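Each chain, written out:
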Amino acid sequence: MGKIRKKPILLFVIALVTLYVIIYIVPGVTGALISSYTAVYGQLRVTDETTGYLVRNETIYTASAGGEINRYMEEGDLVRQGASIMEINGSSDGEIRADYADLLTRLGDGAVETENYTAGDGGVVSYYADGYESRLSPDNMEDRDYDYYSKLTQDSVTDLRRDIAKKGEPVYKIVDRTRWYIVCFVDKAHADRYQEGAAVNVEFADDAVETTVLRADKMDGRCRVILETDYYYARFAYRRAAEVRLVTYDEQGLLVENDSIVEKKGKKGVYVKTKTGEYTFVPVKVYATDGEKSLIADDYFYDDEGIYTDTVDIYDEVLKNPD
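Residues numbered from 1 in each chain as written. Predicted model: local features only at pLDDT ≥ 70, side-chain atom pairs only at ≥ 80, totals over all residues. Heavy atoms only, no water.

A.B. asks: Please set out the environment of L54 residue by residue, giving values where relevant.
C.D. replies: Looking at the element boundaries, L54 is found in strand β2 (residues 40-55). When its relative accessible area of 0% is taken as the criterion, L54 is described as buried. Residues L54 and F236, 182 residues apart in the sequence, show an inter-C-alpha distance of 7.4 Å. Once residues within four sequence positions are removed from consideration, L54 is found in contact with W180, Y181, I182, F204, F236, R239 and R240. (Helix = DSSP H or I, 4+ residues; strand = E, 2+ residues; numbered from the N terminus. Buried < 20%, exposed > 50% of the residue type's maximum accessible area, 1.4 Å probe, protein only. Contact = heavy atoms within 4.5 Å.)

Pasting the structure below:
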């Protein structure tokens, strides 16, 4: 009788094990048995996500006397030299606000006291400042290392807009928008993506701008990239530090997996399945890679010696991991 009772339990356990194998084991084994794939067209985007530190030529102006503020210009307005930015009427005594005092301490002697509240130079009007306007500029940005830039945060940026100003407080700044810069640090293994003069599209959370690599050098175990641009970005005078995506390549073309690419007799290539079911080595020309896939020439290309070379075509069957 005991053996009869145990039999249903044993069958139940066997059924559970079989079900487990079907659900979890078989799919993995089946996937592992797939040794090839079809080459198709797709989009390859090569990017680095990092923090961008904005560097500008900019000047902060402070109030020569306290009083009620009447602003003529809005944030982001482009003005000529000598344009009236605001006026301050009446009087207002008292201590400089604590957050403005901190900003002025960082700024040092870089502020310009104004009585007529005009633009000393042409540029964009901004009512945001962080006190690094005189400490960090295009003239000295290459002297700063990762330790310096990593301490810059958007939290230090202070809004200068209010109704009443005290004598000596910052009231506005003028920023040169004809050329500004973004300093970034990326994985040093990606340094070859940033050749001087190369185009890089910088994507902010709210916009994107086209830039050019001014300089790229390895330092502090990273690659420091300095990008320059004259593109308009509505918040460029407000941002000091922002999360950005650097797009160094974004094209459509024929894609193959990097694990498929091998080198044979000094030439890169992949193994393509022939009509007889065998795999033969086919040279490839790699245009760009994101680390997992590569965009290659399709149908044919000319090698370094100018020789016409047949290569992978769309829908060719490519070996996944050649030995």
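A.B. asks: So what's going on with the packing of aromatic side chains? Residues and values would help.
C.D. replies: Within this structure, the stated rule accounts for 13 aromatic pairs. Summarising the aromatic geometry, the rings of Y271 and F281 are spaced 5.7 Å apart at their centres and angled 70° between planes, so their arrangement reads as edge-to-face. Taken together, the residues span a long stretch of sequence, with Y271 in strand β19 (residues 267-273) and F281 in strand β20 (residues 279-283) at a distance of 10 residues. F281 gets classed as buried once you look at its relative accessible area, which sits at 18%. Following the ring pairs from residue to residue traces out a cluster consisting of Y53, Y146, Y148, Y149 and F185. (Phe/Tyr/Trp six-rings, centres within 6.5 Å; stacked < 30°, edge-to-face > 60°.)

A.B. asks: Account for helix α2 (residues 98-107), naming residues and giving values.
C.D. replies: Regarding α2, the residues found buried are Y100, L103, L104 and L107. Within α2, the buried residues cover an arc of 100° as seen down the axis, which keeps them to one side. Exposed residues on α2 whose side chains face more than 90 degrees from its buried face are A98 and T105. Taken together, the buried residues of α2 touch β3 (58-63), β9 (128-129), β10 (158-159) and β12 (170-175). (Arc of directions from axis to C-beta.)

A.B. asks: Break down the side chain of K173 for me, with residues and values.
C.D. replies: Within the secondary structure layout, K173 lies in strand β12. Engagement of the side chain of K173 in a polar contact is seen with the backbone oxygen of Y128, the distance being 3.0 Å. Polar side-chain contacts of K173 include one of 3.1 Å to the side chain of E133. What K173 contacts, discounting residues up to four positions off in sequence, is R56, E58, T59, I60, Y61, V124, V125, S126, Y128, A129, E133 and A237. (Polar contact = N/O pair within 3.5 Å; in protein donor to acceptor, adjacent residues only side chain to side chain.)

These figures capture arrangement, not role.
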